[in-house]
Each structure stands twice: as C-alpha cells, then as structure tokens.
Amino acid sequence: MPMLALLSDYTVQNVAIGAVLLGVVSGMLGSFAVLRQQSLLGDTLAHAALPGVCIGFLIAGTRDLGWIMAGALVTSVLAALFVLALTRRTRIKTDAALGTALGLTFAAGVVLLTWIQGQSNASQGGLDTFLFGQAAATLRSDLWIMGGVTLIAVALVLCCWKQFKLVTFDPEFAGASGLPVALLEGVLTAMIALAVVVGLQMVGVVLMTSMVIAPAVAARQWAKRLEGMVVLAMGVGIVAGLSGALISASARNLATGPLIVLAATAIVLLSILFAPGRGVLWEQIRRWHDRGTIGQRQMLSTLYKLAAHHRDPEYPAEAGMLDGLYGVRTQGILRRLEQRGLVEAVEHMPGEGHHWTLTPAGREEAERVLASVSPETP
Amino acid sequence: MMLEAFFGNSALMIVMTGALVGIAGSLVGTFLVLRRNAMLSDAISHSIVLGIVVVWLLTHAQSGPIQIIGAALTGLLTVFLTELIASTRRVKTDAAIGLVFPALFAAGVLLLNLYARDVHIDEHTVLLGEIGFIWLDTIAIGGYEVPQAIVWMSVVALANAAFVIVFFKELKLSTFDPQLAAALGFAPTVLFYALLALTSTTAVAAFDAVGAVLFVAFVIVPPTAAYLLTDRLAPMLLLACAIAILSSISGYQVALWLDVSIGGMMALMTGAFLGLALLFGPRHGWIAQEWRRLGERHMEAARTLVVHLYQHENTGRAEVENAVPALERHLGWNAARAQAILARSRKNGFVLQEGRMLYLTHKGRETARSLIEPWAPAR
C-alpha cells in the first residue's frame, strides 16, 4: 500500500494517534520514574492494572475503555500504596514488596478474568487483548479518552515542573525549601499509573513496564538536561509506538505490545552504543586511542630521561633493554613513534641489536609531555 | 490399589502440582527475598518464555530435560545481560532488569504469534498457565499414567531441596554476610548463580502449570509471609513451604467453588496467608506491634506517675501533689485515664493508695530513681 493510502486508512490513523499519545505520556512520566530509580515499580503497576481492567469491565458491562482505564488506574494506584505500606510499615524490603504486589494483583486479575469468562458473557472476548495490546482495535472514542488522560498528565507536569524536578534530583533540599516532598513523590508515583492506563490498548499490561523504562533510558544517553531528556523520551516513545503499532496493524496475528517493546529496546541499544559523548562505542575507541598514546608518551619520557641521565641528547637506548623495562614488547610503540618522526632507529655498534634515539622533534615532544605531567620540573 | 487411587485422583494431582510449584519456588525464593533480589524471579520467569519457544521450535521437545535446561539458560542469559548493561554504567541495575526481560519476553511472544500453528502454547497459557489441564500430557511410570508436570516438578523440587540442604551453611553465610563468605572461600557468586539457575529451571518446570507471571507469586509471597513469622532461616524455609502447600489446597477448593482459574486462585491464596502473617505475626505482625506500642504507652504513663510522686515525696507539697486529684490537675490526664493508669500501676506494684493519698512502693521508688538518676547505684 502506498504511504498516502496507508495514512488515510481509518484504522491506521487511529493507531498512529494512539502511538503518539502513548509515546508522549510514557516518555514523559518514564523519565521521572527512571531518574527516581522506580523502574521496577512500573512493572508492578502495569501488572496491577489487570484486575482493574476486569473490574472496569464488570461495572460497565461491556468493553468500554473509559471504565476499564478508570478501573486500571484505581488498582494500579492501590498497588503502589500497598507497596509503600509494606515497605514503610513492615520489615519487608522494597524488592519483595514489589514482587508480592505484582504476583498477587496479577493473580487477582487472572481469577477475575476467568470468573468473567465463566459468566458466559457474550462480549467478554475482548479482555484478553489487554494482556498484550491490540492497536488495530483502537476506536476513535478510545482516542478521546487516551488523549484526555495524556492531557491531564502533561498539564500536571507543566504545572509542577520545577517542583517535580527538585524532588527528583534533590529530595532533601526540596524538603528543606518547604516543598511537600511526600505529596509530590506520591503524585509522581501515581502518574506512572497514568502512563500504564494510556498504554493498555496499545501495549497491554504485561509489557507496559518496558514503555515506562526504555524511552527514558534511551533519551538519557543523548540528553544532559531534564528538559531535553523528557522531550527526547517522548520522541523515542512515539517512534517506537508508531513503528510497532503500524507493523502490528498491517500484519495479522502479531500482538502490538511485543513489537513496540522490541522497537523501543532497539533504540535503547543503539543509544547506549552510539550516543555522542556517552556512547559505549566512543568510549571504547577513546580507550584504545588513549592506551596507544599513553604508551607513546611513556616511551618518550623514558628515552628523554635516559638521555638526560647519560648527558647525551642522542643516547641510543637498546631495544631489548626497553622491552625488559616495560615487561612487554615495545616495538609497536617505537614503530608508531618512528612514523610520527619522534624517534629513529640507530646502529650503535655492529651485532648489538636495535637501538633507538630521540629526534630533535622527539626531544621537544618529550619535554612537553614531562611538563604536562609535572609542571614544576624544568 | 492404593497407588492407583493416588495417581487416579485428579484433584489430588492438581493440588500436588500446585504445592510442588510452591515448595520448589519457596526454597529458592527464600534466599532471593533475603538477598533483596526478589524481582530477579520476575525477570527470569518472563524471559524463559523465549527459551521455551526457541527450544520447542528447534527440537520439538515439549517437556523434559532438554526443554528445562534449554529454557533455563535463557533465565541465566537474562541475569547476564542485565549485569552486562549495568556494567556499562549508562543504566542503573533496576532499569537494566526492566529493559532486558521485557525484550526477551516480547521476542518470545512474537515467535509464538508467528509460529502459532506449530507451538503447543498460546499467549494465554504463557500468562495464566493451565494447571487444570496437566492431564493432557502424561507419562507412564510403573504402569501408571502420571502427568508430566508432576514428574518434572517433583524432580525440580527435590533438586532444590537437595541444593538447600547440602549447601545450607554456605547459603546462609553468603546470604547474610557475603564478604565473610568470600573471605572464607565459599564463592558466594557461584552459589548465587547456582541459585538463579535453579530458579530458572523451577520457572520452566512450573510454566505449563501456572504460566510466567503467576510463578512470581509462588516464589516471592510465601517466603515474604514467612519472613514476618520468624527470624531464623530454617524455620523460614519450612514455613514458606507450609504456606505454599496450604495455599495450594485452599486455592483449589475456592477455585472450584467460584469456577475460576485454579492456578490464579492458588497464587491469590498465598496473599491471604501473607495477610494473616501481617496481622498475626508473633513479633512483626500488626497486632503484636500495636500490642507492644500499647504496652509502651502504658509503661510511659506509669513512669510519669512514679517520677511525679518521687519528686514530691517527703516535701511540703506532698499532701497536694501525691493525691488522686493532682493526677487530673497537674498531669493533665482525664479522670478515666487517671483511674486506668492508677489501677495498672497499683497492680504492677509501683504505687499504694490509701484513701485519696498515693505512696510509692520500694519498687516504684527505685523505678523513679533509675529514671531521674540513672547513674546512681540501686539502694
């Protein structure tokens, strides 16, 4: 199908708008979650949406996204409060509290799901799609609700931008300057649940954790400031959401959630490897380069000091002796220095092996190196 | 024939499968919870889905050792990849966990979608398990048709139990004091990876019965509940196993009654036992804590009373201060509170009452003195 026809298709339009909304809300709220080291809370809150989906369905009597999202929001927030209560009021540690809440809420969801199916309700079939998401089933009316939630989230973040920023980076200082830290942290945590419910239709409850984490982690590699990180994370979320959703909508029987997650993960990997400055690849290259230059700088200063010690600027240092001094083969380093015109091979006496001596340019370079290492030596 | 009745009883078989999942899970889960790595079980149980699908597509082994070992390797791969990503220092460990397992899981689900016709499981089973259908896949042992799930769960549970018993001392030390364990040459890292390998094999063996996500409840919730009941390792392991067994039995009953998912109900019942532990735990339960807090409040009031009496004993104001009305006027207690505190202090032998006058006993006076002059020797 040509691109234009693809874009004018009703389903494709819906899917694309949904993906954009998902990207905006998950990128924005995920940035705060990742920076506050609450990544795995997203996992728990996402799974905790399942019983809410079922309860919303039971209240509405049909597969009405508004009620389902409301139910999911309530159970997600309750799960967050449960985790908080367990860690604050008992000796249970965070990881066990997260796992407990995740396992139990999901079990409750499974029980409710099978209970609804047992009621032989004709319209129950649609609930399964909330496990892995089904972008193609998105309706225009669903988008209005998702858009509304996204709008609320964006408005909240814009209103409290400074406060959220301070609480994220320096909660102690925020508290000292009189901000209601506990309340703000509670709101930020509850907002992860907002991201989860927007993702229900597109990604589903099981994989939504990835949409909270991956765009934020990818954006973190490129951005140095929170503003940039949040905007980039939205962008990554939109790109991942669009590519996953469009593939899923065009191919039959491919769940949307996994495709979106794999797209987002691919962007994360590329970012970790190639992001300018922070990329692992650049660091590796820099390290290789440094390893070479450090060896060369060391060799220059060694030769210079030997020459100074022997009061002979053109003192020929024996190759085997240099190998012994460094404990490794030094020929590679010396060859590279020779290419740069800083040392030259000399024949000291016949049959005594290779000798190396500094060229005038090498002496200048060695003096620069020594001066940069310890400025006080003349 | 006894054995025939045993293996022929499908209810018993289902309950036993659930109990075995819970026991095997609790044995490893206890250490994960104590080491604060509980969420690794979540990561592992999700990502083995990829391993199960890949092994199935390659070998068509539906269960058995190849399936278990092959898929368990994916579990270890998850941990390895997580540590690899975290070691770049570009991503925090918790975010790294949350990046790796959804990706592997997503790949597994997509393979399921693509090869749906060839694979014996669908995405529904992946998440929910089908403990009621363990009879679809049986194996003949000594002339009896036994569900495969039971056979492999038993093997895994026994392996976990053997591991815990044989390495009990080493596990205990490396859980509570990894530095000392390393210094003594117990290789805590190797033990940890062995633990994760066993968690993976358990997840794979339990997969057909309870799926990828419910497994997390079986691994984490019983040890967490047991953690509220005891401060010792061996009792914690046993209590966790007991909770797992009870959850399996009660979950089966309730599931039949409500006609809902058996595996889901079993997992949910572990939560009921956690609730009981939260309420009634002997030292860490809510009631015990409130009781202790109440006792401390009472003790605090009694201390206030004896110090007040001690300060005014043998002074000119004793007539006014060391009398019942002064408790309301000077200590700010209302009448009922003053009466209750007085009654309790009399019963504890701190105070004597004669008419409206109050006198300290020897015990009461020593208590007051030790509070005011903690450095002075007892008389």
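Here the residue numbering is sequential within each chain, running from 1 through the sequence in written order. Lettering of chains starts at A and numbering of ligands starts at 1, both following the order in which they are written. Only residues with pLDDT of at least 70 are given local features in this predicted model, and only at 80 or more are side-chain atom pairs given and counted; all residues enter the totals for whole chains, interfaces and linings. Working from all heavy atoms in the structure, the side-chain values ignore hydrogens and water.

Time to look at the overall build of chain A. Note on conventions: DSSP H or I runs of at least 4 residues are helices, E runs of at least 2 residues are strands, and numbering of each starts at the N terminus. Scanning chain A from terminus to terminus reveals 18 helices and 3 strands. Taking 2.2 N^0.38 as the reference for a compact globule, 378 residues should give roughly 21 Å; the C-alpha atoms of chain A span a radius of gyration of 31 Å, well beyond that estimate. In terms of overall dimensions, chain A has C-alpha extents of about 100 × 60 × 35 Å along its principal axes. Throughout, a residue-residue contact means that at least one pair of heavy atoms, one from each residue, lies within 4.5 Å. Residue pairs at least 24 apart in sequence account for 70% of intrachain contacts in chain A once pairs closer than 6 positions are excluded. Summing over all exposed atoms, chain A offers an accessible surface of approximately 17,000 Å²; the carbon and sulfur share of this is 64%. When charges are counted, Lys and Arg contribute as positive and Asp and Glu as negative, whereas His and the chain ends are disregarded. Lys charges are placed at NZ, Arg charges at CZ, Asp charges at CG and Glu charges at CD. Taking the average location of the 26 positive side-chain charges in chain A and that of its 24 negative ones, the two points are 8 Å from each other. Each radius of gyration reported is based on C-alpha atoms, and the globular scaling rule is 2.2 Å times the count of residues to the power 0.38. For every accessible area listed, the method is Shrake-Rupley and the probe measures 1.4 Å; residues are considered covered only by the protein chains on display.

This next bit is on the layout of surface pockets. The pocket and cavity definitions rest on a 1 Å grid over protein atoms only: a 1.4 Å probe that fits but cannot leave marks a cavity, an open set with protein on both sides within 12 Å along at least five of seven lines marks a pocket, and residues lining either have an atom within 4 Å of a point. Grid points are joined across faces, edges and corners, and a volume is the space filled by probe spheres set on the points. Put simply, the largest pocket is a space of about 920 Å³. Contributing to the lining of the largest pocket are 36 residues, with Gln37, Gln38, Leu41, Thr94 and Leu98 of chain A lying nearest its centre. Only α3 (39–47), α5 (65–89), α6 (94–118), α9 (161–169) and α11 (181–199) of chain A together with α3 (38–59), α4 (65–87) and α5 (93–114) of chain B provide two or more residues apiece to the lining of the largest pocket. Top element by residues in the lining of the largest pocket is α5 of chain A. It accounts for 7 residues.

What follows is about a nonpolar patch on the surface. Residue and element names in this part refer to chain A. A cluster of nonpolar residues, Leu270, Leu273, Phe274, Leu281, Trp282, Ile285 and Trp288, forms a patch on the protein surface that exposes about 650 Å² of accessible area. When contributions to the nonpolar patch are tallied by element, the ones reaching two or more residues are α14 (256–274) and α15 (280–309). When residues of the nonpolar patch are assigned to their parent elements, the largest contribution, 4 residues, is made by α15. Structurally, Leu273 is set in helix α14. Residue classification places Leu273 among the partly exposed residues on the basis of a relative accessible area of 37%. Grouping into patches uses exposed residues only, defined as over 30% relative accessible area, and leaves out salt-bridged ones; the cut-off is 9 Å for like charges and 5 Å for nonpolar side chains (Val, Leu, Ile, Met, Phe, Trp, Tyr). We define a salt bridge as a side-chain nitrogen of Lys or Arg found within 4 Å of a carboxyl oxygen belonging to Asp or Glu. Whether a residue is buried, partly exposed or exposed follows from its accessible area with a 1.4 Å probe, protein chains only, as a fraction of its type maximum: under 20%, in between, or over 50%, in that order.

As assigned here, chain B comprises domain 1 (2–241) and domain 2 (290–372). Once you take the C-alpha centre of each, domain 1 of chain B and domain 2 of chain B turn out to be 59 Å apart. For each domain, the first and last residues come from an automatic or database assignment.

Residue and element names in this part refer to chain A. Of note in the backbone geometry, Gln37 takes a positive phi value of approximately 55° without being a glycine. Assignment of secondary structure puts Gln37 in the loop between α2 (10–35) and α3. Looking at Gln37, the relative accessible area reads 45%, which means it is partly exposed.

A complete count under the given rule lists 14 salt bridges over all chains for this structure. Two residues, Arg225 of chain A and Glu227 of chain A, come together in a salt bridge whose shortest N-O distance is 3.5 Å. Each member of the salt-bridge network shares a partner with another, and the members are Arg91 of chain A together with Asp231 and Arg283 of chain B.

Time to look at the packing of helix α4 (residues 49–60) of chain A against α6 of chain A. The relative placement of two packed helices is expressed as an angle between their axes plus a distance between the axes. Residues and elements named next belong to chain A. Packing of α4 against α6 leaves a shortest axis separation of 7 Å and a crossing angle of 30°. The two elements α4 and α6 meet at a crossing, and its hand is left-handed. Contacts between α4 and α6 involve Leu50, Pro51, Cys54, Ile55, Phe57 and Leu58 from the former and Thr105, Phe106, Ala108, Gly109, Val110, Leu112, Leu113, Trp115 and Ile116 from the latter. Residues are sorted three ways: Asp, Glu, Lys and Arg are charged, Ala, Val, Leu, Ile, Met, Phe, Trp, Tyr, Cys and Pro are nonpolar, and all the rest, Gly among them, are polar. Counted by class, the contact of α4 with α6 contains 13 nonpolar, 2 polar and no charged residues. Geometry is summarised by axes, namely lines fitted to C-alpha atoms with helices restricted to the contacting stretch, and by angles between N-to-C directions that run from 0 to 180 degrees. Crossing chirality is assigned from the near helix's rotation relative to the far helix, an anticlockwise turn below a right angle marking it left-handed and a clockwise turn marking it right-handed.

Once that is clear, we can look at the nonpolar core. Counting residues in hydrophobic clusters, the biggest one holds 198 residues, and the most contacted among them are Phe106 and Leu200 of chain A together with Leu127 of chain B. Examining the composition of this core, we find that 25 residues originate from one element, helix α10 (residues 188–227) of chain B, more than from any other. Apart from residues lying up to four places away in sequence, Leu127 of chain B is in contact with Phe106, Leu131, Phe132 and Val206 of chain A together with Phe105, Val210, Gly211, Ala212, Val213 and Leu214 of chain B. Membership of the second largest hydrophobic core comes to 17 residues, among which are Tyr310, Leu327, Val351 and Leu358 of chain B. Here, nonpolar core means buried Ala, Val, Leu, Ile, Met, Phe, Trp, Tyr and Cys residues that are tied together by side-chain atoms lying within 4.5 Å of each other.

Attention now goes to the environment of Gly199 of chain A. Mapping Gly199 of chain A onto the fold places it in helix α11. Sequence separation of Gly199 of chain A and Val154 of chain A is 45 residues, and the distance between their C-alpha atoms is 15 Å.

Residue and element names in this part refer to chain A. Pairing between strands is defined by DSSP: at least two bridges between the two strands are required. Read from one edge of the open sheet, 3 strands run β1-β3-β2, paired in antiparallel fashion. The open sheet is flanked by β1 (317–318) and β2 (343–346), the only strands paired with a single partner. Alignment of β1 against strand β3 (residues 355–358), held across 2 bridges, turns out to be antiparallel. Each bridged residue has a counterpart across the sheet, and for Glu318 the counterpart in β3 is His355. Against the sheet, α15 contacts β1, β2 and β3, and its axis sits at roughly 90° relative to β3.

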